Amino acid sequence: MSNKNTKMSLSKATNVAEEINNIDTTEKKANDKISSKKKNVPNSKILNLIKEQQKARKDAELKADEEAKENQRLQEESDRKKQEELVLLKKKHEKKREAKKKRIQRQKQEGLYLTKEQREKHYRAQIQFESLGIHVPPRTNIQQSGIQKRILYNDFQKTNSTCITTPLTEDEDSSDENSDEENICNEDSVQTKDILRAPVICVLGHVDAGKTTILDNLRRTHVQDNEAGGITQQMGATNVPLDTIVERTKMSRKLISRQGDFMIPGLLIIDTPGHAIFQNLRSRGSSLCDLAILVVDIMNGLQAQTIESIRLLIDRQTPFIIALNKIDLLYGWKSNKEKDVESVLEEQDSFTQDHFEKRYDEIIVQFAKQGLNVALYYKNPNPNEYYSMVPTSARSGDGMGSLIAMIVETSQTNLAKHISYTNELQATVMEVKAIHGLGTTIDVALINGCLSVGDKIIVGGQEGPIVTQIRRLLIPESNQELRDTNQYENKDKVMGTCVVKIAARDLEKSLAGLPLFMARTHDEIDYFKNEIELILTTVLNSFKLKDNGVYIQASTLGSLEAFLELLKIQKIPCSGVNIGPVHRKDVLRASTQLENDIKWATILAFDVKIEKDAQDYAKTMGVKIFQNDEIYNLCSMYVAYQNQLIKENQEKYRHLAVFPCKLKILPQNIFNSRDPIICGVRIEDGFIKIGTPICVPSKDGIDLGRIASIEMNHKSLDIARKGSEVCIKIVSTTNDTAKMYGRHFDKDDILMSKISRESIDIVKAYFRDEMQESDWRLIIELKKIFNIV
Ligand code: GDP
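All of these numbers come straight from a predicted model, not from anything done at the bench.

Colleague: Residue-level account of the overall build of the protein, with values.
Modeller: Scanning the protein from terminus to terminus reveals 22 helices and 30 strands. When burial is assessed residue by residue, the protein has 50% of its 789 residues classed as buried.

And the structure:
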């Protein structure tokens, strides 16, 4: 720069000199002219010209002087700048060296530091492992850049419990820590391809396989005891910070150290329930989920919900690790949670090992039947083809460190691309909760992007989208499930991936299960409001509602979905749904079912309040409301009510119910041929009951009367089914002339029960339980014979 200035000044000075030369030449010429003219007459014009030229020469000299001074000043300034740059550079180097020193010191303390020599040794060991047939996972691009280093985002970690980190090679260290932190927070400058966020982990499996206990162990909490009915009903989440992971995986460091270091800043564990009825809630969990833990009880192997979970994970293409849980139940198991489970297994007695092998082999076959290859994590020949299995005991803690290490390893290798941080906001409202002193708050899973106090957010609401401003951002203390903790830290800004509680105005009617958007302009607000409305309509329309059925009211979208799933299994149709407290208008909507059947004029209120006016209105209208906070109880309450109604109706309509039958007369057993007719019959199809009206369709449908008694081997019966040979007594119920065997009908006529439209409807409504599939087929046949439409 300074050279350039100097060059410019020199060329200018040359120009000035040339200019002066020109002036001199012109002056000389003028003088010559004057002297030649002096001889004649002095001219004033010529004098003026001389004066002008002299003035121009003085000006040019002055200009040259100034240029020279400016030149000198620029030169001095450039020298000073050079000096300053040098000092800055020195300081920067100094700072980098200091940071590197600190990092190495910390890694040494954590036992993570590897010298160049150790690294080479480590890789040689890997090659050896591979030559012995022990799998070493393929190196990813990130790995290829050298040993990955965790950057000390200390301040940033203070902002988030599971913050993002940037992998760097030891030799690179191209920027100092502060500038990295700035990069992370400055939305425009994030180098997303190298930054990993915390992976979102879900736990799936059959009921009682130990999902909650595994989660408890990972978090070292006891959520299971607090769950209503002992099952996980709604989504919860826990931030597990890196410090905890580092501490928990001490014994399995060799797994992670293949990659050199921890690149993920932590884990976000979403607690998704495994019961079949939670299919939708679980799917919601899965869609947030980057990596799943499929829990299999080693004693029971694959069970119904394990298989269902596998299908779900495969459908959603969610990678998973299998936790082969409850190994402490193997014969003579000796627990040691301080060691990698591979060594713990090796140290077991031979009979324990045999027991393990037996169970393991069976489970491998069961997985193979599902089309999956599985292998123990330390024997996995190819993680792209085989799912890794980690033996665990959530109860004793054996293998839990290895499981976490596998989660870290899988996240940092196969999932690295998937969990790279992006600036685009990706957040889902998980729960809406009223908190004393804060008002209604929302718990949000923030996967990517930033949220700050003061941001304008848009969330779904019971009465349309809600636009509000973040007042407070609260994060639970590390390792604490958001549902359980009452202790929060206030934050000004949070970044993915974490769970955060947001306090803001107007959140009372917000809905869980929908995305959260952030907007800066009015246009953006309008856009996202539309977006939320569209999503909610799509979700509500996706529920298959029936014309006749109960009305469901739930607190969140997730619980509504879960409840509908349970009702589907129980074959209880649903005609309407809503979210939030039961209002008068809900009762009005439910009351429309009174026209169809009183049993459908019912509101099932799951985990929601019932407004006083709604209660009163329901009484007036005759609408029944059941309320409970436990999904199964609520369902049982309704089933009990339905059964009670059926019983009442059965009593009321029993005399009108006609069951289908086809009877062949046994001519050798005619005991009385006229009213009451007593004869032997073989039941060709259907069944007979006392009270069944009997007719002869082949003889213009003449009525014989109703069955008054049934006997078999001198024993009275209330009912006799297809294939039986019984003696029946038919008593005439009309005043018509009694019909006589041999005159009005004979052995060739088939006797049938006299059904009608009304009797069919009654059987359908109240006596379904007593009918078999073949009975319904016979009803169809009889309908044709009796011309019933
Ligand atoms: P979930 O329904 O899958 O969430 O299963 P839970 O975590 O509620 O566990 C069901 C039962 O199994 C509880 O009684 C647990 O104490 C027990 N359990 C869970 N994990 C283990 C384990 O590793 N070993 C043994 N022995 N019992 C376990």
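Colleague: Please provide a residue-by-residue account of the pattern of salt bridges, values included.
Modeller: The final tally for this structure, using the stated rule, is 26 salt bridges. Between Lys699 and Asp749 there is a salt bridge; the shortest N-O distance is 2.8 Å. Taken together, the residues Lys699 in the loop between strand S25 (693-696) and strand S26 (702-712) and Asp749 in the loop between strand S29 (725-731) and strand S30 (750-753) connect sequence positions 50 residues apart. Relative accessible area serves as the criterion here: at 6%, Asp749 is assigned to the buried category. Within this structure, Glu70, Arg73, Glu77 and Lys81 form a network of salt bridges that share partners.

Colleague: Could you give an account of the environment of Gly439, naming the residues involved and the relevant values?
Modeller: Within the secondary structure, Gly439 is located in strand S11 (residues 439-448). Of the residues examined, Gly439 reaches a relative accessible area of 35% and is grouped as partly exposed. Sequence spacing of Gly439 and Ala503 is 64 residues, and the spatial spacing of their C-alpha atoms is 7.3 Å. Other than its neighbours up to four places away in sequence, Gly439 contacts Lys433 and Ala434.

Colleague: Break down unusual backbone geometry for me, with residues and values.
Modeller: The peptide bond linking Asp675 to Pro676 adopts the cis configuration, its omega dihedral lying at -10°. If you trace the backbone, Pro676 turns up in the loop between strand S23 (661-672) and strand S24 (677-689). With phi around 75°, Lys326 is a residue other than glycine that occupies positive phi space. A residue is classified by how much of its surface remains accessible, and Lys326, at 22% relative accessible area, is partly exposed.

Colleague: Account for the sheet that holds strand S19 (residues 550-554), with residues named and values stated.
Modeller: With parallel pairing, the 4 strands of this open sheet are ordered in space as S20-S19-S21-S22. Of all strands in the sheet, those with a lone pairing partner are strand S20 (574-579) and strand S22 (624-628), marking the two edges. Taking the axes of each pair of neighbouring strands and ignoring which way they run, one obtains an average angle of 15° across the sheet. With 5 bridges joining them, S19 and S20 adopt parallel strand pairing. In the sheet register, Ile552 faces S20, and the bridge partner there is Val577. Across the face of the sheet, helix H17 (residues 557-569) comes into contact with S19, S20 and strand S21 (602-606) while running at roughly 145° to S19.

Colleague: Any details on the environment of Leu324? Residues and values, ideally.
Modeller: Note that Leu324 resides in strand S7 (residues 320-325). The residues contacting Leu324, other than those within four sequence positions of it, are Val296, Ile298, Phe356, Tyr360, Ile363, Met389, Val390, Pro391 and Thr392.

Definitions and cut-offs
Residues numbered from 1 in each chain as written. Predicted model: local features only at pLDDT ≥ 70, side-chain atom pairs only at ≥ 80, totals over all residues. Heavy atoms only, no water. Helix = DSSP H or I, 4+ residues; strand = E, 2+ residues; numbered from the N terminus. Buried < 20%, exposed > 50% of the residue type's maximum accessible area, 1.4 Å probe, protein only. Salt bridge = Lys/Arg side-chain N within 4 Å of Asp/Glu carboxyl O. Contact = heavy atoms within 4.5 Å. Pairing = 2+ DSSP bridges. Axes fitted to C-alpha atoms, helices over the stretch in contact; angles between N-to-C directions.

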